[in-house]
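Here are the chains, one letter per residue:
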Amino acid sequence: MKRWKLLIFIALLVINVVIIGYAYQTSHYQSSGAHAGFPIAKDAEQIEKTEGLTIYSWDKAEADGDIPLSYRLIIWQRGWEQTSKQGPTRFYEKGDYQIMLTSLRGEISLHDVPESEGQ
């Protein structure tokens, strides 16, 4: 009986840690005003915006195009599917909307992909 109580306690503890971790991670991202609501980190600071392009300063962005696993999970959870990766650029799609996310050291950019440009 003690063993079952211990197993139930551990299972509930793990479930709580997962739920709290998920809530913590999702609270760090918000939908961008442009780019069909593509998620962006709350601590990313917009440094430039033009038609179809927004550049953010973000300390978690890496030069090789890598982004944190938590960010990739939020993007996936919000319905975006990565269609390809070319160098530091990842291509995402949600419905008919396509976006390029480019990660360079200390900054990321979101760029709308015109419908005429294929992958």
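Since the model is a prediction, treat every value here as computed from it, not as a measurement.

What follows concerns a nonpolar patch on the surface. A surface patch of nonpolar side chains, amounting to about 670 Å² of accessible area, comprises L6, F9, I10, L13, V14, V17 and V18. One can find L13 in helix α1 (residues 2-26).

Per the stated rule, a full pass over the model turns up four salt bridges. Here D66 makes a salt bridge to R72, at a shortest N to O gap of 3.9 Å. Residue class for R72 comes out partly exposed when judged on its relative accessible area of 30%.

Time to look at the side chain of T102. Mapped onto the elements of the fold, T102 is located in strand β7 (residues 97-104). Taking the relative accessible area as the measure of exposure, T102 reaches 16% and is therefore buried. Looking at T102, its side chain comes within polar contact range of the side chain of T89, at 2.9 Å.

Time to look at the packing of aromatic side chains. Counted under the stated rule, the structure contains four aromatic pairs. Ring centres 5.2 Å apart and planes at 75 degrees place the aromatic pair W58 and Y71 in the edge-to-face group. Within this pair, whereas W58 is found in the loop between β4 (53-57) and α2 (69-77), its partner Y71 is found in helix α2, the two being separated by 13 residues in sequence. W58 gets classed as buried once you look at its relative accessible area, which sits at 2%.

What counts and how
- Throughout this document, residue positions are counted from 1 along each chain, in the order its sequence is written.
- Residue-level local features of this predicted model are given only where pLDDT is at least 70; pairs of side-chain atoms are given and counted only at 80 or more, and the full residue set underlies all totals for whole chains, interfaces and linings.
- As a rule here, side-chain values cover all heavy atoms of the structure and leave hydrogens and water aside.
- Note that patches include only residues with greater than 30% relative accessible area and no salt bridge, and the join distances are 9 Å for like charges and 5 Å for nonpolar side chains (Val, Leu, Ile, Met, Phe, Trp, Tyr).
- Each accessible area is a Shrake-Rupley estimate made with a 1.4 Å probe; only the visible protein chains count as cover when residues are assessed.
- By definition, a salt bridge exists where a carboxyl oxygen of Asp or Glu is found within 4 Å of a side-chain nitrogen of Lys or Arg.
- Each helix is a run of DSSP H or I of at least 4 residues and each strand a run of E of at least 2, with the numbering of both proceeding from the N terminus.
- Three exposure classes are used, based on accessible area relative to the maximum for each residue type with a 1.4 Å probe and protein chains only: buried under 20%, partly exposed in between, and exposed over 50%.
- Definition of a polar contact: a pair of N or O atoms within 3.5 Å, with one able to donate and the other able to accept a hydrogen when the atoms are protein atoms, and with sequence-neighbouring residues admitted only if both atoms are side-chain atoms.
- Only Phe, Tyr and Trp rings are paired, with Trp represented by its six-membered ring, and only when their centres lie within 6.5 Å; those with planes under 30 degrees apart are stacked, over 60 edge-to-face, the remainder tilted.

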